[in-house]
Amino acid sequence: MQKNVVEIYEYLKSLKLLENSPKFWWPNAGTFEVVVGAILTQNTTWKNVEKSLKNLEDFLELTAFVKLDEDLLKEMIRPSGFYNQKAPRLLALAKNIQQEFQTFETFQKQVRREWLLAQKGIGEESADAILCYACFRDEMVVDSYTKRLLKKFGIAFKTYKEYKDFLESSLRLHYKEEDIFTVFADFHGMIVEYNKHYKKELL
């Protein structure tokens, strides 16, 4: 069943997939917590990330997070898996943010995608998730759910950049009068929720 991007967006919108989600879909969007969550969610489920974030609830501000002991952090994020990799990478990222930008608010305004991609452990998907949901930038996140859904509607590419460019250009062209950040944020959120609730339809 062939559909274009706008038809897919409107179809997902009609399913009211974000009715019970927070504004901009990602929990606590616009906070340092999103940066942490974007790393923790690599190679695991969001349920496991939530357990780790619960353990970290007193340390989810940049100034508190950078003071964490690495071994303690490993224990706190154990539910997310790969904690021996994720803990040092998270601490290095937090310290680099503080050193480069001083405050999280400055980071939100000034960080560039290239800077994020230069950080150990951050690939294109994580960088775009941070830019979109932590910094409110006009960046579309592409993940395995996105590729799976697009494949269902006859759309497939080889590289992350091809998916991203295709989605962003199609949405920008059609939704000129709307806040494109919200379109990108909601579209990715709807794709993830669709994969959760309509998984059988994607098999």
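Remember, it's a predicted structure, so these values are computed and weren't measured experimentally. (Residues numbered from 1 in each chain as written. Predicted model: local features only at pLDDT ≥ 70, side-chain atom pairs only at ≥ 80, totals over all residues. Heavy atoms only, no water.)

## What about the nonpolar core?
In this structure, Leu56, Phe65 and Phe107 are the most contacted members of the largest nonpolar core, which totals 47 residues. Those residues within four positions of Leu56 in sequence are excluded, and the remaining contacts are Val36, Leu40, Phe65, Leu68, Leu73, Met76 and Ile77. Within the second largest apolar cluster, 24 residues are counted, among which are Ile8, Tyr160, Ile180 and Phe187. (Core = buried A, V, L, I, M, F, W, Y, C linked by side-chain atoms within 4.5 Å. Buried < 20%, exposed > 50% of the residue type's maximum accessible area, 1.4 Å probe, protein only. Contact = heavy atoms within 4.5 Å.)

## Quick look at the packing of aromatic side chains
Tallied over the entire structure, the rule returns 20 aromatic pairs. Where Phe32 meets Phe104, the ring centres are 6.0 Å apart and the plane angle is 80°; that geometry is what we call edge-to-face. Here the residue Phe32 occupies a position in helix H2 (residues 32-40), and Phe104 occupies one in helix H7 (residues 104-110), the gap between them amounting to 72 residues. The exposure class of Phe32 is buried, given its relative accessible area of 4%. In this structure an aromatic cluster arises from ring pairing among Phe32, Phe65, Phe101, Phe104, Phe107 and Trp115. The side chain of Lys3 reaches across the aromatic face of Tyr11, ending 5.9 Å from its centre. The ring centre of Phe153 lies 5.6 Å from the NZ or CZ of Lys152, which sits over that ring. (Phe/Tyr/Trp six-rings, centres within 6.5 Å; stacked < 30°, edge-to-face > 60°. Helix = DSSP H or I, 4+ residues; strand = E, 2+ residues; numbered from the N terminus. Lys NZ or Arg CZ within 6 Å of the ring centre and 35° of its normal.)

## Side note on the layout of surface pockets
The calculated volume of the largest pocket comes to roughly 950 Å³. Elements with a minimum of two residues in the lining of the largest pocket: helix H3 (46-55), helix H9 (124-134), helix H10 (144-152) and helix H12 (180-197). For the lining of the largest pocket, the leading source of residues is H12, giving 5 residues. Each pocket or cavity is described by its volume, and for the second largest pocket that value is around 220 Å³. Contributions of two or more residues to the lining of the second largest pocket are made by H2, helix H4 (62-65) and H7. Its residues placed into classes, the lining of the second largest pocket shows 4 nonpolar, 6 polar and 4 charged. (1 Å grid on protein atoms, 1.4 Å probe; cavity = no way out; pocket = protein on both sides within 12 Å on 5 of 7 lines; lining within 4 Å. Points joined across faces, edges and corners; volume = space filled by probe spheres on them. Nonpolar A, V, L, I, M, F, W, Y, C, P; charged D, E, K, R; others polar.)

## Regarding the packing of helix H1 (residues 5-14) against H12
The contact between H1 and H12 brings their axes to 10 Å, and the two run at 65°. Taken together, the axes of H1 and H12 lie roughly perpendicular to each other. Crossing geometry of H1 relative to H12 is assigned as left-handed. Contacts from Val5, Ile8, Tyr9, Tyr11, Leu12 and Lys13 of H1 reach H12 at Val183, Asp186, Phe187, Met190, Ile191 and Tyr194. Of the residues in the contact of H1 with H12, the class split is 10 nonpolar, no polar and 2 charged. (Axes fitted to C-alpha atoms, helices over the stretch in contact; angles between N-to-C directions. Parallel < 35°, antiparallel > 145°, perpendicular 65-115°, else oblique. Left-handed = near helix turned anticlockwise from the far one by under 90°.)

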